[in-house]
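Inside the fold
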Protein chains: 2
Amino acid sequence: MKIFLSDAEFSARRALIRQRLDERDLDSLCLFSPTQVFYLTGFSFIATERPIGLVYHAEKDRIVLFIPFLEREHAEESHSDEIRTYREYPGDTHPMEQFANLLREIGLAGKRVGADSDGYGGGWGYVGPKLSEVISTDVVPAKEIIEKAMWIKTPEEIGLIRESCKWGNLAHRLLQEYTAVGLVETDISIRASYEASMAMINTLGPDYRSTKWEAFAAQANFRGQIGAQSAVPHAITTNARLRFGDVLVTGASSEIGGYISELERTMILGKPTEKQEKFFNLMLDTQNLAFETIKPGSRCSDVDKAVGEFYKEKGITEYWRHHTGHTIGFGMHESPFFDSADHTIIKPGMVFTVEPGIYVRGFAGFRHSDTILVTENGIEMLTYYPRDLEDLIILA
Amino acid sequence: MKIFLSDAEFSARRALIRQRLDERDLDSLCLFSPTQVFYLTGFSFIATERPIGLVYHAEKDRIVLFIPFLEREHAEESHSDEIRTYREYPGDTHPMEQFANLLREIGLAGKRVGADSDGYGGGWGYVGPKLSEVISTDVVPAKEIIEKAMWIKTPEEIGLIRESCKWGNLAHRLLQEYTAVGLVETDISIRASYEASMAMINTLGPDYRSTKWEAFAAQANFRGQIGAQSAVPHAITTNARLRFGDVLVTGASSEIGGYISELERTMILGKPTEKQEKFFNLMLDTQNLAFETIKPGSRCSDVDKAVGEFYKEKGITEYWRHHTGHTIGFGMHESPFFDSADHTIIKPGMVFTVEPGIYVRGFAGFRHSDTILVTENGIEMLTYYPRDLEDLIILA
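Residues numbered from 1 in each chain as written. Chains lettered and ligands numbered in written order. Predicted model: local features only at pLDDT ≥ 70, side-chain atom pairs only at ≥ 80, totals over all residues. Heavy atoms only, no water.

1. Let's talk about the packing of helix α7 (residues 155-178) of chain B against helix α8 (residues 185-204) of chain B
All names here are of chain B. Put simply, the test is: Axes, fitted as lines to C-alpha atoms, cover a helix only where it is in contact. Angles between the N-to-C directions of the axes lie from 0 to 180 degrees. Helical segments are the DSSP runs of H or I of at least four residues, strand segments are the runs of E of at least two, and each set is numbered from the N terminus. By definition, any crossing whose near helix is turned counterclockwise from its far helix by less than a right angle is left-handed, and any crossing with a clockwise turn is right-handed. Whether two residues are in contact is decided by their heavy atoms, any of which lying within 4.5 Å being enough. Gly falls in the polar group here, along with every residue not listed as nonpolar (Ala, Val, Leu, Ile, Met, Phe, Trp, Tyr, Cys, Pro) or charged (Asp, Glu, Lys, Arg).
At a closest axis distance of 8 Å, the pairing of α7 and α8 adopts a crossing angle of 140 degrees. Remark: the crossing between α7 and α8 carries right-handed chirality. Residue-level inspection shows Glu163, Trp167, Leu170, Ala171, Leu174, Leu175 and Tyr178 of α7 in contact with α8, the latter providing Ile188, Ser189, Arg191, Ala192, Glu195, Ala196, Ala199, Met200, Thr203 and Leu204. Per-class residue counts for the contact of α7 with α8 are twelve nonpolar, two polar and three charged.

Pasting the structure below:
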């Protein structure tokens, strides 16, 4: 069982990025985003006010990771050639000044340096200069080099996402099993996530490790989308108590080697009313239509436009709240998007969520989300939880 | 029981920021950071690729919140005067262009506009222009206006942090109770966090709501700091099984109205060895020294330097890995920091963590973290979990 990326995968990534740098006539690439640094090295850590940086020297084929001393052990486990640590943030010499010194030392002053951003993005109280303010060299915006490399998932990445779907499926099955009138959403969510996580940990064994800072290995929840509140697409948990007749919108996932998947379902607590059934089936029809529209060679916008037309045809445009889906893999939402203005061409190896929703304010929301892989001919469903109404009714 | 900030608190914040803008001769303030937007309006949501923006027009004393249509309901619950939504990201007209149009419409073109950053920081696949690229006006860096306003906590904020400490304390008590040889860390953490969360939800009642996207209302865990791995200060969960003789470094917190606290303890599973006891007591002495050094009127750096001197005096500098602490409140780490290079003057109302650690590679790590309030004369401990070795030994 593969539960993390192989050394060969990281070698291939490095070769790919080196080629992209060559095509753009860049001598090196600097990275500050934890996601892009993970892509190139597998370095995983908890990002704080302490900045990190990476410099890839293309000619020397050499990756130097620049990190706070605090993170030494995680850096040692990563696919980098050299680790430089700074003492602490803010520290006597600002880390970004030290990073600039490092670039000069390895001969990059005056060279063409690409960067995912012009300095560390920070948060958590970080303040610092831009990279271009501390080194006299061209800092060329190059965020898209790795971003676009991430668009097409490799067989290894797809394998991890497939495995993630399994444990998300288990967590969701338990969530459905424990859902009952009178319980608080958090109670049900935690119990399901706890049991799925323990099953996953015990099944995958001691080699299984999280690369992210999450309470659960696998999880399923409602995140506040309960009853009338299910009409709020990105609700936040309210600790609502479930009532008879509630429409519930769920979410489930798990993490394997840094990769995740997305599974969401609309469930109904009690016998559905006619109105609930109508909107549920409209939502299902919309999702089915979206699946049929996804084809390699088409554009992302084609899918979202077809879905938009369907809303219009059915007279439900007023219940629209968001575009059809996003790519997923290391990040929960990655680019490109199934959005009417995203004209990226769909290619085999892309992994998308498909999740058009119907949101009737004051009544209920209806959304399934499935994770799909674009193949040579169409799509393959990676999530496999039942989608039909009869399987999602809870008589309790 | 106060479990969220009052309307009066938000009015006072707005008045304070208006005064700061006046002092800096700024006509308005634009915010893109979810933290800074929360500070001014209480708007809480799940930040994604869809950008948000806020513009505060000082003369008109008017806050306009610019958000994706998806977030309408959360915006309606916030302390803003007007809500403008854009359809979707990326959408036909980029949201940042629409935000610039909004600024022009309300008469801010050519005015002095302060901003917490020059555009939306993003992540999740967001790409967009800087604010200064879409509007021909001076965009003055002004992140520090709200950052510094957040330094001094108000009585209401302190009340929420106090309440957070209580539930963190319960979660930690349960964690200690459930800690036993042979169990997987995740098992213990989830059980403790589950019970503490349910007690909290049932005690605070249906008005209690999370403002963040967290699985638990209250939680306690080890986050991988188990046995030799406890020497990695910011470890990530490995799902280790606890063994007799392990040193454990824990963490606990809870969220109330957006505010959190931090409680961390070093526990020992089994009768401590002489070496474990020696380092535990050195860590405790270091923390005690730090407590004594914190005084209003001193500088943050004074505390960290005194701690550094103590490490030197005791001959344990090689076991140092990070500075003494950080402020906390809405964010997990806020500025200023107890760092040798942070010369901010300590003032009453600041809330800090105090957490000097000792990390012996290959052996174990030792760290307590307490949340303290700076008073007129010194400090008040807000966390109150036992700190002595005898209370933190688990004989199981």
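2. Comments concerning empty space enclosed by the protein
Our working rule: For each structure, a 1 Å grid was placed over the protein atoms alone; sets of points admitting a 1.4 Å probe that cannot get out are labelled cavities, open sets with protein on both sides within 12 Å along at least five of seven lines are labelled pockets, and lining residues have an atom within 4 Å of a point. Grid points are joined across faces, edges and corners, and a volume is the space filled by probe spheres set on the points.
A full pass over the atoms with the stated rule returns three cavities of 30 Å³ or more. Taken as a whole, the largest cavity encloses approximately 50 Å³ of empty space. Forming the walls of the largest cavity are Ile201(A), Tyr208(A), Ser210(A), Glu214(A), Ala215(A), Phe216(A), Ala217(A), Thr186(B), Thr237(B) and Asn239(B). Residue composition of the lining of the largest cavity, grouped by class: five nonpolar, four polar and one charged. Its boundaries defined by the atoms lining it, the second largest cavity holds a volume of some 40 Å³. Tallied by class, residues from the lining of the second largest cavity come to six nonpolar, two polar and two charged.

3. Brief notes about the relation of the copies chain A and chain B
Which entries qualify depends on this criterion: Alignment of the copies relies on least squares applied to C-alpha atoms, considering only residues that score at least 70 for pLDDT in both.
Once turned by 180 degrees and shifted 0.0 Å along the axis, chain A lies on chain B with an RMSD of 0.0 Å. The relationship between the two copies is best expressed as a two-fold rotation axis. Mapped onto chain B, 100% of the interface residues of chain A are again interface residues, and the two copies thus contact each other with one and the same surface.

4. Quick word on the interface of chain A and chain B
Basically, it comes down to this: Buried area: the sum, over both parts, of the accessible surface (1.4 Å probe) that disappears when the two are put together. Every case where a carboxyl oxygen of Asp or Glu lies within 4 Å of a side-chain nitrogen of Lys or Arg is listed as a salt bridge. Under this definition, polar contacts are N or O atom pairs within 3.5 Å; protein pairs additionally need one hydrogen-donor-capable and one acceptor-capable atom, and for neighbouring residues in sequence, both atoms have to be side-chain atoms.
Contacts between chain A and chain B engage 68 residues on the former and 68 residues on the latter. Of the roughly 6300 Å² buried between chain A and chain B on both sides combined, carbon and sulfur atoms contribute 58%. Looking only at chain A, the three residues that lose the most surface to chain B are His234(A), Ile236(A) and Arg321(A), adding up to 11% of its buried area. For Glu73(B), the salt bridge identified is with Arg361(A), shortest N-O distance 3.7 Å. At the surface where chain A touches chain B, the tally comes to 24 residue pairs in polar contact (both at pLDDT 80 or more). Those elements giving two or more residues to the side of chain A that touches chain B turn out to be α3 (72-76), α6 (143-149), α8 (185-204) and β12 (334-338) of chain A. Top contributing element to the side of chain A that touches chain B by residue count: α8(A), with nine residues. Its residues assigned to classes, the side of chain A that touches chain B shows 27 nonpolar, 19 polar and 22 charged.

5. Examining unusual backbone geometry
What counts here: Only protein chains enter the accessibility calculation, which uses a 1.4 Å probe. A residue is then buried if its area is under 20% of the maximum for its type, exposed if over 50%, and partly exposed in between.
In this model, Tyr89(A) is joined to Pro90(A) through a cis peptide bond whose omega is 0 degrees. Mapped onto the elements of the fold, Pro90(A) is located in the loop between β4 (82-86) and α4 (95-105). The step from Ser335(B) to Pro336(B) runs through a cis peptide bond, and the omega angle for that step is 0 degrees. Relative to the elements of secondary structure, Pro336(B) occurs in strand β12 (residues 334-338). Its identity as a non-glycine residue notwithstanding, Asn239(A) has a phi of 60 degrees, on the positive side. Residue placement: Asn239(A) occurs in the loop between β7 (218-221) and β8 (247-249). The exposure class of Asn239(A) is buried, given its relative accessible area of 11%.

6. Concerning the domain arrangement of chain A
Quoted interface sizes are often the accessible area lost when the parts come together. Residues and elements named next belong to chain A. Let me state the cut-off plainly: Domain start and end points were adopted from an automatic or database domain assignment.
Partitioning chain A into domains gives domain 1 (7-149) and domain 2 (155-394). Tallying the contact residues gives eight residues for domain 1 and nine residues for domain 2. In total, about 770 Å² of surface goes out of reach between domain 1 and domain 2, with carbon and sulfur atoms giving 59% of it. The largest share of the area that domain 1 buries against domain 2 comes from Glu9, Phe38 and Ile46, three residues that together contribute 51% of it. Between the two partners, domain 1 and domain 2, sit one salt bridge. A salt bridge links Arg13 to Glu157; the nearest nitrogen and oxygen atoms lie 3.0 Å apart. Seen at the junction of domain 1 and domain 2, the total is three residue pairs in polar contact (both at pLDDT 80 or more). Secondary-structure elements contributing two or more residues to the side of domain 1 that touches domain 2 are α1 (7-23) and α2 (34-41). Tallied by class, the residues present in the side of domain 1 that touches domain 2 amount to three nonpolar, two polar and three charged.

7. Quick look at the pattern of salt bridges
Scanning the entire structure with this criterion turns up 45 salt bridges over all chains. Between Glu23(B) and Arg20(B) there is a salt bridge, with its nearest N and O atoms 3.2 Å apart. Here Glu23(B) and its partner Arg20(B) are both found in helix α1 (residues 7-23), three residues apart, which amounts to about one turn of the helix. Taking the shortest distance from any N to any O, the salt bridge between Glu105(B) and Arg84(B) comes out at 2.6 Å. Taken together, the positions of Glu105(B) in helix α4 (residues 95-105) and Arg84(B) in strand β4 (residues 82-86) put the pair 21 residues apart, joining distant regions of the chain. Through salt bridges with shared partners, a single network forms among Arg62(A), Glu82(A), Arg84(A) and Glu105(A).

8. Details of the sheet that holds strand β8 (residues 247-249) of chain B
Residues and elements named next belong to chain B. Cut-off, in case you're wondering: A strand pair is defined by DSSP finding two or more bridges across the two strands.
Spatial strand order, β8-β10-β18: three strands in an open sheet with mixed pairing. The sheet terminates laterally at β8 and β18 (393-394), the two strands that pair on one side only. Across three bridges, the pairing between β8 and strand β10 (residues 266-269) is antiparallel. Counted as the bridge partner of Val247 is Ile268 from β10.

9. Structural notes on the sheet that holds strand β18 (residues 393-394) of chain A
Spatial ordering of the open sheet is given by β8-β10-β18 (chain A), a layout of three strands whose pairing is mixed. At either end of the open sheet lies a strand with only one pairing partner, and these are β8 and β18 of chain A.

10. Description of the layout of surface pockets
Residue and element names in this part refer to chain B. Roughly 660 Å³ of internal volume is contained in the second largest pocket. In terms of lining residues, the second largest pocket is bounded by 28 residues, among which Gly42, Ser44, Glu77, Arg209 and Thr211 are the most central. Counting residues per element, the ones that place at least two in the lining of the second largest pocket are α1, α2 (34-41) and α3 (72-76). By residue class, the composition of the lining of the second largest pocket is nine nonpolar, 13 polar and six charged.

11. Details of the pairing of strand β3 (residues 62-68) of chain B
Looking along a regular strand, one sees the side chains alternate between the two faces of the sheet. All names here are of chain B. With six of seven residues buried, β3 lies mostly within the body of the structure. Note: strand β2 (residues 53-57) against β3, five bridges, orientation antiparallel. Bridge assignment links Tyr56 to a residue of β3, and that residue is Ile63. Hairpin connection from β2 to β3: four residues lie between these consecutive antiparallel strands, with Asp61 at a positive phi of about 50 degrees. Where β3 meets β4, five bridges bridge the pair, whose relative direction is parallel. Following the sheet pairing, Leu65 is matched in β4 by Ile83.

12. What about the packing of aromatic side chains?
Residue and element names in this part refer to chain A. Put simply, the rule is: Between rings of Phe, Tyr and Trp, where Trp is taken as its six-membered ring, a pair exists when centres lie within 6.5 Å; planes separated by under 30 degrees are stacked, by over 60 edge-to-face, and by other angles tilted.
The full count for this structure, using the stated rule, is 31 aromatic pairs over all chains. With a centroid separation of 5.4 Å and an interplanar angle of 65 degrees, the aromatic rings of Phe32 and Phe99 are classed as edge-to-face. Residue Phe32 is found in the loop between β1 (28-31) and α2, and its partner Phe99 is found in helix α4; the two are separated by 67 residues along the sequence. The pair formed by Phe32 and Phe99 is uniform in burial state, with each residue classed as buried. Ring geometry for Phe279 against Phe363: centres 6.2 Å apart, planes inclined by 55 degrees, an arrangement best described as tilted. With a gap of 84 residues between them, Phe279 in helix α9 (residues 274-293) and Phe363 in the loop between β14 (357-360) and β15 (364-367) connect regions that are remote in the sequence.

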